[in-house]
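Understanding the architecture of this molecule
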Amino acid sequence: MQRPAPPPLLLALALALALVLSLAGAVKSPYQQVLQHSRLRGRQHGPNVCAVQKLIGTNRKYFTNCKQWYQRKICGKSTVISYECCPGYEKVPGEKGCPAALPLSNIYETLGLVGSSTTQLYSDRSNLRPEIEAPGSFTIFAPSNLAWASLPAETLDSLVSNVNIELLNALRYHMVNRRVLTDDLKHGTSLSSMYQNLSLQVHHYPNGIVTVNCARLLKADHQATNGVVHLIDKVIATTTNNILQIVEIEESLETLRAAVAASGLNNLLESEGQFTLLAPTNEAFEKIPQETLNRILGDPEALRDLLNNHILKSAMCAEAIIAGLAMETLEGTTLEVGCSGEELTLNGRPIIANKDVVATNGVVHFVNELLIPDAAKTLFELGQESEVTTSIDLFRQAGLNSHLTGNERLTLLAPINSAFKDGIPRVDNNLKNLLRDHIVKGQLSSKYLYHGQKLETLGGKELRVFVYRNNLCVENSCIAAHDKRGRFGTMFIMEKMLTPPMGTVMDMLKADHRFSTLVAAIQSAGLTETLNRPGTFTVFAPTNEAFRAMPRGELNKLMGNAKELSNILKYHITDEILVSGAVGALVRMKSMQGDKLEVSTKNDVIQINKEPVAESDIMATNGVIYAVNSVLQPQASRPQERGDEPADPALEIFKQASALSKVSQRNPRLAPAVSRLLAKMKGNPGTI
């Protein structure tokens, strides 16, 4: 009886599943991908030829990936390209390339074919030869001849003298009792060796490098009748200790041992997993100031952060590093792990004294400098290592250092060094008070700040937060770099010194003699109450010079028409705060008059309707003021004629402005204290 045909949908699903499975099966391991690339680069020289990069001045060779091919560098050093037979193939006299597969023989014979004749010799001496010639299924990680020659003489003598059992045990530790190809060598796995089932730690990195106990596979997957041979670059020693046990037995890690015990990290360092411990030596601890060391050792949380910053989340053997690589620590910091020639580097510094001490749960590299994370530092330490050293010195001179080194929860608003390019201010009482307003109560994070938020300073002021599309600002200063979060405090690197507001927009205009004409005009137009009330105004304030620059007839008409004067003044005011740091290529703002204002920057100068402003960011409690040297005119509005205008209405306005300016200068009580400070700063910045 004939079966019915399967439904079309079911057939389509089956075909799709088969395609997915076939594609999944075709995915090559990183090692095979790099080998394939080397084969492609070498094919012009004949079949089965691989391009190999050799580090100049050394015997180190690497199959090349695409990035290395174009950079022609390994560990920052130049390489030369050579062409060799790919693994498993050999040359034939008179023919191009490597057309012949290597003879398929047992493991013992294969050792001689792949460049490990010394391993072959020691197999004879230790009586391992009969086993690796006999039928079976084995894998041997065979040290190259150079690897054996690189062993210290006393180590080699102890292995081969009197053909003792140590040599046999060492060789059997390089063997696995089954066939294991590179596709089976998965990252972070372990294999049971043929010596007491002790583990071999396998790491298969994305760059195609494969290591076994941190020995790099030079040429892999050499098939034999009774197994497979992988050529490696060093003789591997048995590994029985976990990371904690290595710390406990190494004399040079005595201080680290005490720190680990005090921090409670013992369980982590002896747990299963694959970690990298960048183990600071006793010398590393001795290099930092005793006061700093005592503070960290006496603070369990800071100590844990310090030690976690020396632990990478995965095992990283030195042989796997051929270029810079960003790696995350358990503390959350990113370290740049790289190399320079034969040296392993951290954040560009060759501070690794001893590398690739293999443990059962990872690898240990000894470092001779302490990697103190931001999370374990004081505000003072954060500042000393950042682009705010000038600010930090000013805080110190102002007697505020105790706040930067203590355990108060604070946020430091530290101006960047470039903010002082025109001169460093003198530390007097005014500057001391101003610097206190650069220290905010509470340890904040910029990512949680919101528009309109109020921050309380040590000086008792309230600072406002402004959130813009491309900037985050506190009053007139925007954050120039990412937060640096320390043990108790966070540091925001600011683009310039803050000027906390000391009065309303109207107060600030009255206190500045440059705006006496404008103040009189505002009063005449009935806008005084508006600019005194709470709000979020941006005022483009024409200076006395701006009014004097107007034609007398036009000025007379404007000043004689209260409605038109109010209309023009409202065109200079918006109901949203825009500080200069938030101005990009162009910002359009709706004025209180209704028309749009165009704010832009050109050569780092703020412009309003393409006119440069004379001064930016005069902060007020209800807004911000920009001084402008021209009276702005709306596009669709011009001063209108009036039949009842006085003969010279501007004269009275100028008289009022002149009188107001003289009286405010004679009687300082009419001007807030901050106005005097601002005037002093404008007149002579070097005497702040």
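Residues numbered from 1 in each chain as written. Predicted model: local features only at pLDDT ≥ 70, side-chain atom pairs only at ≥ 80, totals over all residues. Heavy atoms only, no water.

Per an unreviewed UniProt entry, the recorded name for the protein is Transforming growth factor-beta-induced protein ig-h3, and the organism is Alligator mississippiensis. One UniProt comment on the protein, placed under Subcellular location (unreviewed entry), says "Secreted, Extracellular space, Extracellular matrix". Per UniProt, the protein has the following entry under Subunit (unreviewed entry): "Binds to type I, II, and IV collagens." (UniProt positions renumbered as here; feature names shortened; annotations may be inferred.)

Time to look at the nonpolar core. General note: in soluble globular proteins, nonpolar side chains tend to be found buried as a group. By size, the foremost hydrophobic cluster in this structure holds 30 residues, and its most contacted members are L509, L518, I522, L531, V539, L569 and I625. Breaking this core down by element, the ones donating at least two residues are α20 (505-510), α21 (516-525), β29 (537-542), α23 (544-548), α24 (552-559), α25 (562-571), β34 (611-620) and β35 (623-628). Sort the elements by how many residues they give to this core and α21 lands first, with five residues. Not counting the four nearest positions on each side in its chain, V539 is found in contact with V505, L531, H572, I573, V624, I625 and Y626. Core analysis: the next-biggest nonpolar cluster, separate from the first, contains 28 residues, L312, C317, I352 and V363 among them. (Core = buried A, V, L, I, M, F, W, Y, C linked by side-chain atoms within 4.5 Å. Buried < 20%, exposed > 50% of the residue type's maximum accessible area, 1.4 Å probe, protein only. Helix = DSSP H or I, 4+ residues; strand = E, 2+ residues; numbered from the N terminus. Contact = heavy atoms within 4.5 Å.)

Once that is clear, we can look at helix α17 (residues 389-397). Those residues of α17 lying buried are T390, S391, I392, L394 and F395. Residues of α17 that are buried make contact with α16 (379-384), α18 (401-405), β21 (410-415), α19 (429-436) and β22 (439-441).

Per the stated rule, a full pass over the model turns up four aromatic pairs. For the pair Y31 and F63, a centre-to-centre distance of 6.4 Å together with 80 degrees between the ring planes defines the contact as edge-to-face. Pair noted here: Y31 is in helix α2 (residues 30-42) and F63 is in strand β2 (residues 61-63), with a separation of 32 residues, a long-range link. Geometrically, the ring pair formed by F540 and Y626 is stacked, given 5.2 Å between the ring centres and 25 degrees between the ring planes. Of this pair, F540 sits in strand β29 while Y626 sits in strand β35, and the two are 86 residues apart along the sequence. By relative accessible area, which is 0% here, F540 ends up buried. (Phe/Tyr/Trp six-rings, centres within 6.5 Å; stacked < 30°, edge-to-face > 60°.)

Right, let's get into the confidence of the model for the protein. Per-chain confidence: the protein averages 88 in pLDDT, with 88% of residues scoring 70 or above. Per-residue pLDDT stays below 50 along residues 18-25; that stretch engages in zero contacts with residues further than four places along the chain or on separate chains. Confidence drops under a pLDDT of 50 for residues 659-664, and excluding neighbours within four residues, the segment shows six contacts in the predicted structure. (pLDDT = per-residue confidence, 0-100.)

Counted according to the given criterion, the structure contains five disulfides. There is a disulfide in this structure between C50 and C86, and the S-S distance comes to 1.9 Å. Its S-S torsion of about 105 degrees marks the bond between C50 and C86 as right-handed, since a negative value means left-handed. Of the two residues, C50 is situated in strand β1 (residues 49-55) and C86 in the loop between β4 (77-85) and β5 (89-90); the sequence distance between them amounts to 36 residues. Here the two residues C50 and C86 agree in accessibility, since each one is buried. Put simply, C473 and C478 are joined by a disulfide, and their sulfur atoms are 2.0 Å apart. (Disulfide = S-S within 2.5 Å.)

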